[in-house]
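Chain by chain, the residues run as shown.
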Amino acid sequence: MYIEKIRKVKPLIHHITNYVTVNDCANASIAIGASPIMADFIQEQEEFSKICNCLVLNTGTINERVANSMYESAKFYGNLNKAIVLDPVALGVSMARDAINLKLLNSYKISIIKANASEIASVIGLDGKAKGTDNTFVVNDHFLDKACEYAKGHNRILVVSGEVDFIISSEKIAKIYNGSIMATKITGAGCMCASMCGVFAGVIEDKFQASLQAMLSFDIACEMAEEISNGSGSFRVNLIDALSNLNDEDVKKRAKYEII
Amino acid sequence: MYIEKIRKVKPLIHHITNYVTVNDCANASIAIGASPIMADFIQEQEEFSKICNCLVLNTGTINERVANSMYESAKFYGNLNKAIVLDPVALGVSMARDAINLKLLNSYKISIIKANASEIASVIGLDGKAKGTDNTFVVNDHFLDKACEYAKGHNRILVVSGEVDFIISSEKIAKIYNGSIMATKITGAGCMCASMCGVFAGVIEDKFQASLQAMLSFDIACEMAEEISNGSGSFRVNLIDALSNLNDEDVKKRAKYEII
Amino acid sequence: MYIEKIRKVKPLIHHITNYVTVNDCANASIAIGASPIMADFIQEQEEFSKICNCLVLNTGTINERVANSMYESAKFYGNLNKAIVLDPVALGVSMARDAINLKLLNSYKISIIKANASEIASVIGLDGKAKGTDNTFVVNDHFLDKACEYAKGHNRILVVSGEVDFIISSEKIAKIYNGSIMATKITGAGCMCASMCGVFAGVIEDKFQASLQAMLSFDIACEMAEEISNGSGSFRVNLIDALSNLNDEDVKKRAKYEII
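Residues numbered from 1 in each chain as written. Chains lettered and ligands numbered in written order. Predicted model: local features only at pLDDT ≥ 70, side-chain atom pairs only at ≥ 80, totals over all residues. Heavy atoms only, no water.

Peer 1: Describe the pairing of strand E5 (residues 112–116) of chain A, and please don't skip the residues or the numbers.
Peer 2: Residue and element names in this part refer to chain A. Most of E5 is tucked away: five of the five residues are buried. Here E5 shows two buried faces, one formed by Ile-112, Lys-114 and Asn-116 and the other by Ile-113 and Ala-115. Two elements, strand E4 (residues 83–87) and E5, share two bridges in a ladder whose sense is parallel. Each bridged residue has a counterpart across the sheet, and for Leu-86 the counterpart in E5 is Ile-113. (Buried < 20%, exposed > 50% of the residue type's maximum accessible area, 1.4 Å probe, protein only. Helix = DSSP H or I, 4+ residues; strand = E, 2+ residues; numbered from the N terminus. Pairing = 2+ DSSP bridges.)

Encoded structure:
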């Protein structure tokens, strides 16, 4: 009933995101039933915070102007207690990027952090050793302990995307076994995951559940797309098709996850 | 003979547009036979105005820097009496956005305004009640009267995109019944309409006719794309295919519109 | 063995590029086996120069802020003797654009210039007569003489994309007969060529060979894509598919070129 609810409510999902995959984020959001708004002009953040259901921040092609818009926006969404998703792309790779992400994490009410294991490692105080935007970090028990601790201390959900996805709250961890290796062969899969988290968080109060359903839906759409794709170009197209045709029944049938 | 003329002249269509759908606008423009130029650097607006046939402005992801480039560009195109198309995306949603669009509308020679009914309502002085970038406004007789009045007072063509499209001049109104619901399932359909208006206005003197042919062509390409699409991802791809294969014969055969 | 090497090394290709085709450049880079990083924030150029294998600069939607990031980045890559590819989009069309490209060419260690004949003509001191981003220049013997002279004087490789592609060094010229007319029907083909040059230059020391292999690979992928496409929309998708499936055997079998 989650996707059904999204298509009924049609939540407005405000993105301040990178210019590389912004079109994918917009089309994926529409495909699953939401209405995306991409707006990074600092002067209109307050007004958008009033009409939108959720804010998605992605630091992929961050710069000073856009960072300031993110701070402004996060302030207003936080004040209104509306969900904020942060995708701290390439965290750990440059000092300027780290400073912006740290400010977002330390000064604003980020509800969900969606990132790969390297980036989450940086967030929770492990050495991420990121290689650009690629992930080189393995999730182990120590990682999960630290992540749960962080989730508890900051009242945040951590979403670690990878071959297995982890949804981590202060109390529980979901491991998702759905997904497709093809998602690593296009740019934007991670960004679209963050958008999906935003979309589901826009209509589901429980942010752990929202993140879990978002990732399941995205991963299952990836599986469906992979089955009929001839390469990464058609995979990208078929993924949007799959999201636009996806329903709650599909997700329920194909979901492979456990709560630990 | 309109599309044939475009493919012969290959008009240069200068866009200052949003970074969400800019690639769609470029590919749609090329597909129909034009040569798009995306350039928002304030220092080169004068030179581009001299070589391009038309200017398309879209305020989707507007900010202060880009707004200033739009003013500069609109000034030069206006002085040269070259067509300017404005797509005032999300007009009515924020004060900063409204101020920029109002300045464009009040101070420069905008020839064609392409927008949804909510946005056009804001332009002509009705209460648009926009929900983000989505349209919530119904076109009725009062709307059309006010729109004609505005068109007359400002010597502008109004293009209202929706389930039925309206092309409104001071003297006549065209109602277009072509189109596909799928166009509302992707980002960029409205933006591509504005690009099409720019392309056709780049080679057709009569701006009412240019807008009518632009919308007919786009709507019919949407219909063709819908027939062979499995979702919104493939629709987006098939739409560009359809535009690239479209000819005047197709448009003539499939056009469903009336002049009232 | 070139593509095999790329897929093994997975070079990090840093782009500062336009927002029109940046997604195509990213997906094409991944498809051939590299890891693209799009980052134009001036404060992180030094750090990215240390971890990336190559820098690709594209002035398509240049502005002052991004130009300054390009200078900063080119300085660091030059100091590290890492390859820099420049795609001087629309060179010759505006003074501001020319000034930025000239500064890049005159003050930094650009290794490879990838451009159409009009743009290369501007670089080597012939009158380019560009019409926007389109090419109107014919490559003749005089052009090639001047280009070789320039290549020698500046220790640079010139890559002229067109119906026939030319790879020009101080000592030799390769003429490539592969390719597809469809590449002129989408935006981004030229930009993706520059990305390919960057990817191959990221793993091949000899920049002439790198450029030759990059263009052969791209052109052959275009041919493969054309064979199964119904228009420019599907061509764009099939091109990424073809790049993602391409291997050294394909390139060796289908390559049509001569060294003169």
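Peer 1: Quick rundown of the interface of chain A and chain B? Include the residues and the values.
Peer 2: Counting residues at the interface gives 30 residues for chain A, matched by 30 residues for chain B. Counting the surface lost from both chain A and chain B, the interface buries some 2300 Å², and carbon and sulfur atoms represent 52% of this. The interface formed by chain A and chain B includes one salt bridge. With a shortest N-O distance of 2.6 Å, Arg-97 of chain B and Glu-44 of chain A are connected by a salt bridge. Here chain A and chain B share 14 residue pairs in polar contact (both at pLDDT 80 or more) between them. Those elements that place two or more of their residues in the side of chain A that touches chain B are helix H2 (22–32), strand E2 (35–38), helix H3 (45–51) and helix H10 (232–245) of chain A. (Contact = heavy atoms within 4.5 Å. Buried area = accessible area lost by both parts, 1.4 Å probe. Salt bridge = Lys/Arg side-chain N within 4 Å of Asp/Glu carboxyl O. Polar contact = N/O pair within 3.5 Å; in protein donor to acceptor, adjacent residues only side chain to side chain.)

Peer 1: Any details on the packing of helix H8 (residues 189–201) of chain B against helix H9 (residues 207–227) of chain B? Residues and values, ideally.
Peer 2: All names here are of chain B. Here H8 crosses H9 at 135°, and the two axes come no closer than 8 Å. As the angle between them shows, H8 and H9 are arranged oblique. The two elements H8 and H9 meet at a crossing, and its hand is right-handed. Packed against H8, whose contacting residues are Ala-189, Met-192, Cys-193, Met-196, Cys-197, Phe-200 and Ala-201, the element H9 presents Lys-207, Ala-210, Ser-211, Gln-213, Ala-214, Met-215, Ser-217 and Phe-218 at the interface. Of the residues assigned to the contact of H8 with H9, the class counts are 11 nonpolar, three polar and one charged. (Axes fitted to C-alpha atoms, helices over the stretch in contact; angles between N-to-C directions. Parallel < 35°, antiparallel > 145°, perpendicular 65-115°, else oblique. Left-handed = near helix turned anticlockwise from the far one by under 90°. Nonpolar A, V, L, I, M, F, W, Y, C, P; charged D, E, K, R; others polar.)

Peer 1: Now, about the UniProt feature "binding site: substrate" in chain A: what can you tell me, with residues and values included?
Peer 2: Taking the UniProt record as the reference, the feature "binding site: substrate" is found at Met-38 and Gly-188 of chain A. By the secondary structure assignment, Met-38 of chain A is in strand E2. Each residue touching Met-38 of chain A, except ones within four places of it in the same chain, is listed here: His-15, Val-22, Cys-25 and Ala-26 of chain A together with Val-20, Gly-60 and Thr-61 of chain B. Mapping Gly-188 of chain A onto the fold places it in the loop between strand E8 (173–176) and helix H8 (189–201). When its relative accessible area of 7% is taken as the criterion, Gly-188 of chain A is described as buried. (UniProt positions renumbered as here; feature names shortened; annotations may be inferred.)

Peer 1: Now, about the interface of chain C and chain A: what can you tell me, with residues and values included?
Peer 2: Between chain C and chain A, the residue contacts involve 30 residues of the former and 30 residues of the latter. Interface of chain C and chain A: buried area, both sides summed, is about 2300 Å²; carbon and sulfur atoms make up 52% of it. Of all residues in chain C, Asn-23, Phe-41 and Glu-47 of chain C give up the largest surface area on contact with chain A, accounting jointly for 21% of the area buried on that side. Taken together, the links from chain C to chain A amount to one salt bridge. Linking chain C to chain A there are 14 residue pairs in polar contact (both at pLDDT 80 or more). At the level of elements, helix H2 (22–32), strand E2 (35–38), helix H3 (45–51) and helix H10 (232–245) of chain C are the ones that each hand at least two residues to the side of chain C that touches chain A.

Peer 1: Describe the relation of the copies chain A and chain B, with residues and values.
Peer 2: Applying a rotation about an axis and a shift along it to one chain copy brings it onto the other copy. Least-squares fitting of chain A to chain B yields an RMSD of 0.0 Å, with the superposition described by an axial translation of 0.0 Å and a rotation of 120°. Put plainly, the chains are arranged around a three-fold axis. Nearest to the rotation axis, the C-alpha of Tyr-19 of chain A is located 3.6 Å from it, this being the minimum over chain A. Little of the interface of chain A is mirrored in chain B, where only 10% of its interface residues are also at the interface. (Least-squares fit on C-alpha atoms with pLDDT ≥ 70 in both.)

Peer 1: Run through unusual backbone geometry, naming residues and quoting values.
Peer 2: One non-glycine residue with positive phi stands out, namely Ala-90 of chain A, at about 65°. Turning to its location among the elements, Ala-90 of chain A is positioned in the loop between E4 and helix H5 (95–107). Even without being a glycine, Asn-81 of chain B presents a positive backbone phi close to 55°. Judged by its relative accessible area of 63%, Asn-81 of chain B is exposed.

Peer 1: Describe the relation of the copies chain C and chain A, naming the residues involved and giving the relevant values.
Peer 2: With an RMSD of 0.0 Å, the fit of chain C onto chain A corresponds to turning through 120° and sliding 0.0 Å along the axis. A different interface surface on each copy is seen, since only 10% of the contact residues of chain C are contact residues in chain A too.

Peer 1: Can you break down the UniProt feature "binding site: ATP" in chain A residue by residue, with the values?
Peer 2: Residue and element names in this part refer to chain A. Sites flagged by UniProt as "binding site: ATP" map to Lys-114 and Ser-161. For the annotated residues, spread through 48 residues, the largest C-alpha to C-alpha distance comes to 7.3 Å, consistent with a single compact locus. Following the sequence through the fold, Lys-114 ends up in strand E5. By relative accessible area, Lys-114 is classed as buried at 2%. In contact with Lys-114, not counting residues within four places along its chain, are Leu-86, Asp-87, Pro-88, Val-159, Ser-161, Gly-190, Cys-193, Ala-194 and Cys-197. With respect to the helices and strands, Ser-161 occurs in strand E6 (residues 157–161). Sequence-distant contacts of Ser-161, that is, excluding residues within four places in its chain, are made with Lys-114, Ala-115, Asn-116, Ala-117 and Met-215. Here the side chain of Ser-161 touches Lys-114 through a polar contact of 3.3 Å, side chain to side chain.

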